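In case you want the letters, here they are:
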Amino acid sequence: MKRFSLLLALFSIAVGSMAQGKFDMTRSVRLGFKIDPGIMMLKPQEEGVTRNSSRFGASFGIMVDFMLNEAETYAIATGLQIVTSGGKLKYDAGKGLSRYNSAPAEYDMRLTHIEIPATLKLKTTPTSSGAAFWGQFGTYLGFPVRARADVVSLNQKWEKQNLIKEVNRINIGLLVGAGVEYPLGERLTGLVGLSYQNGFIDVTRNARWGDGKVNMNSLSLRLGVYF
């Protein structure tokens, strides 16, 4: 909770600074809520570790669009979201955390991150029906707040192991998305699209796992509404 409160405070300061600086607040600032159900993947990059399965996860949170032109076709899109992810990784003997690596072991990982996206969003001029197509490209900054795993090795099983100290304290990656917006009423605008995230940072701390680089990727359906 302390980490979440700190991130929320930093985000509020950043939004306030942008509002007083580069961004003209006479232009539109749009606020919305979104939920992104999708497939979350942990992808090993070196030998000795294989991905056994992905995991269904989701992200949800607020969207903030700072419009850059009067036609509202260009925007800086940011926000604050909570992301649940993970997957199953199988480690060869001698790989993985030392307390489990005497034999091959499977880790069923469940991770929760708080993320702040920062993207450039481009939108077409609305059609006669009011619908408009959009695309975005940028990055995100994530911080883990929860990391649990069930570990199975030979005939032994360790459930709900707390691995928060064994994962990296930051995650950064590529974020791209595209979709369509459409009016739901006088003030509401619906949002549907696809979003892809490709992590750049090793999720597991290599000094403790000895597993090289493990990226966290996701492909999600975006469902949202602007107020």
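Residues numbered from 1 in each chain as written. Predicted model: local features only at pLDDT ≥ 70, side-chain atom pairs only at ≥ 80, totals over all residues. Heavy atoms only, no water.

### Points about the overall build of the chain
Okay, step 1: Helix and strand counts for the chain come out as two helices and ten strands.
Okay, step 2: The N-to-C order of helical and strand elements in the chain reads α-β-β-β-β-β-β-β-β-β-α-β.
Okay, step 3: The buried share of the chain, taken over its 227 residues, is 45%.
Okay, step 4: Sequence-distant contacts in the chain: of pairs separated by 6 or more residues, those separated by 24 or more amount to 69%.
Okay, step 5: Accessible surface computed for the chain: about 11,700 Å², of which carbon and sulfur atoms make up 60%. (Helix = DSSP H or I, 4+ residues; strand = E, 2+ residues; numbered from the N terminus. Buried < 20%, exposed > 50% of the residue type's maximum accessible area, 1.4 Å probe, protein only. Contact = heavy atoms within 4.5 Å. Areas by Shrake-Rupley, 256 points an atom, 1.4 Å probe, with all protein chains shown as cover.)

### Topic: the pattern of salt bridges
Okay, step 1: Scanning all chains against the criterion turns up 13 salt bridges.
Okay, step 2: The closest approach of N and O atoms between Asp 108 and Arg 110, which form a salt bridge, is 4.0 Å.
Okay, step 3: The salt bridge involving Lys 121 is made with Glu 181; its shortest N-O contact spans 3.1 Å. Placement of Lys 121 in strand β5 (residues 105-123) and of Glu 181 in strand β8 (residues 171-183) is noted, with a sequence separation of 60 residues between them.
Okay, step 4: For Lys 121, a relative accessible area of 6% gives the class buried. (Salt bridge = Lys/Arg side-chain N within 4 Å of Asp/Glu carboxyl O.)

### Quick word on the side chain of Ser 153
Okay, step 1: Tracing the backbone through its elements, the reader meets Ser 153 in strand β6 (residues 132-153).
Okay, step 2: Judged by its relative accessible area of 4%, Ser 153 is buried.
Okay, step 3: A polar atom in the side chain of Ser 153 sits 3.2 Å from the backbone oxygen of Pro 104. (Polar contact = N/O pair within 3.5 Å; in protein donor to acceptor, adjacent residues only side chain to side chain.)

### Some thoughts on the packing of aromatic side chains
Okay, step 1: By the definition in use, this model includes five aromatic pairs.
Okay, step 2: With centroids separated by 6.0 Å and ring planes inclined at 80 degrees, the aromatic side chains of Tyr 100 and Tyr 107 adopt a geometry described as edge-to-face. Per residue, the accessibility class of Tyr 100 equals that of Tyr 107, and both read buried.
Okay, step 3: Look at Tyr 100 and Trp 158: their rings are 4.9 Å apart centre to centre, the planes differ by 55 degrees, and that puts the pair in the tilted class. Of this pair, Tyr 100 sits in the loop between β4 (74-91) and β5 while Trp 158 sits in strand β7 (residues 156-162), and the two are 58 residues apart along the sequence.
Okay, step 4: A connected cluster of aromatic rings, assembled from ring pairs, spans Tyr 91, Tyr 100, Tyr 107, Trp 158 and Trp 209.
Okay, step 5: Arg 30 extends its terminal NZ or CZ atom over the ring of Tyr 226, reaching a point 3.8 Å from the ring centre.
Okay, step 6: Directly above the ring of Trp 134 sits Lys 121, whose terminal nitrogen or CZ lies 5.1 Å from the centroid. (Phe/Tyr/Trp six-rings, centres within 6.5 Å; stacked < 30°, edge-to-face > 60°. Lys NZ or Arg CZ within 6 Å of the ring centre and 35° of its normal.)

### Looking at unusual backbone geometry
Okay, step 1: In this model, Glu 72 sits at a positive phi of 60 degrees, which is unusual for a non-glycine residue.
Okay, step 2: Positive phi values are uncommon outside glycine, yet Leu 154 reaches one of about 55 degrees.
Okay, step 3: By secondary structure assignment, the location of Leu 154 is in the loop between β6 and β7.
Okay, step 4: Assessed through its relative accessible area of 67%, Leu 154 is described here as exposed.

### Some words on the environment of Thr 78
Okay, step 1: Looking at the element boundaries, Thr 78 is found in strand β4.
Okay, step 2: Expressed as a C-alpha distance, the spacing of Thr 78 and Ala 118, which sit 40 residues apart in the sequence, is 4.9 Å.
Okay, step 3: One polar contact links the side chain of Thr 78 to the main-chain carbonyl oxygen of Pro 117, over a distance of 2.7 Å.

Such coordinate-based values are descriptive only and should not be taken to indicate function.
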